[in-house]
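Coordinate inspection notes
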Amino acid sequence: QVQLVESGGGLVQPGGSLRLSCALSGSIFSIYAMGWYRQAPGKQRELVATITSVRSTNYADSVKGRFTISRDNAKNTVYLQMNSLKPEDTAVYYCNAFRIGVATKKEYDYWGQGTQVTVSS
């Protein structure tokens, strides 16, 4: 059974930095596209950043130039380095793992439990 465990959230002042980590277990990490999403109170969950199995990345416009997504296949872990944090970055951040079976075309979509990031002075 695939499990995703996030860590690294917390309280940080505006302008500060945090690094989120998400470890995958129960499957082969390297074949998954990985992503970070966030959900603020009263808002829908939104994409923050994604990284494919071949390390192609994509970012929401609101975080470009401030956040960096990376992956370490040897550690089965994806990271989100968040710099120059703003109060509007406050949200629960969720890790996602996604792949499509080559032969079956079945979708495999897994989510972590979320980690709170609060940006406040």
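Structure first, text after, so check above.
All of the points below concern the structure found in this document. (Residues numbered from 1 in each chain as written. Predicted model: local features only at pLDDT ≥ 70, side-chain atom pairs only at ≥ 80, totals over all residues. Heavy atoms only, no water.)

**A closer look at the packing of aromatic side chains**
Short version of the rule: The rule is short: rings of Phe, Tyr and Trp, with Trp giving its six-membered ring, pair when the centres are within 6.5 Å, and they are stacked under 30 degrees, edge-to-face over 60, tilted in between. Helix and strand definitions here come from DSSP, where helices need a minimum of 4 consecutive H or I residues and strands a minimum of 2 consecutive E residues; each element is numbered from the N-terminal end. When accessible area is computed with a 1.4 Å probe and restricted to protein chains, residues below 20% of their type maximum are described as buried, those above 50% as exposed, and intermediate ones as partly exposed. Any Lys NZ or Arg CZ that is within 6 Å of a ring centre and within 35 degrees of that ring's normal is treated as a charge sitting over the ring.
Under the counting rule described, the total for this entry stands at 2 aromatic pairs. Centroid distance Tyr-32 to Tyr-110: 6.2 Å. Interplanar angle 65°. Geometry classified as edge-to-face. Separated by 78 residues along the polypeptide, Tyr-32 in the loop between strand S3 (18-25) and strand S4 (33-39) and Tyr-110 in strand S10 (residues 107-111) bring together distant segments of the chain. A relative accessible area of 25% means that Tyr-110 is categorised as partly exposed. Judged by centre distance (5.0 Å) and plane angle (65°), the ring pair of Tyr-37 and Trp-111 falls under edge-to-face. In this pair, Tyr-37 sits in strand S4 while Trp-111 sits in strand S10, placing the two residues 74 residues apart along the sequence. Note that Arg-45 overlies the ring of Trp-111, its terminal NZ or CZ placed 4.7 Å from the centroid. The ring of Tyr-108 has Arg-99 lying over it, and the distance from NZ or CZ to the ring centre is 4.1 Å.

**Section: the pattern of salt bridges**
Basically, it comes down to this: One side-chain nitrogen of Lys or Arg within 4 Å of one carboxyl oxygen of Asp or Glu is enough to make a salt bridge.
Summed over all chains, the structure comprises 4 salt bridges. In this structure, Arg-38 engages Asp-89 in a salt bridge whose closest nitrogen and oxygen atoms are separated by 3.0 Å. Here Asp-89 lies in the loop between strand S8 (77-82) and strand S9 (91-100) and Arg-38 lies in strand S4, a separation of 51 residues in the sequence. Looking at Arg-38, the relative accessible area reads 6%, which means it is buried. With a relative accessible area of 1%, Asp-89 lands in the buried category. One continuous salt-bridge network, built from bridges that share partners, spans Arg-38, Glu-46, Arg-66 and Asp-89.

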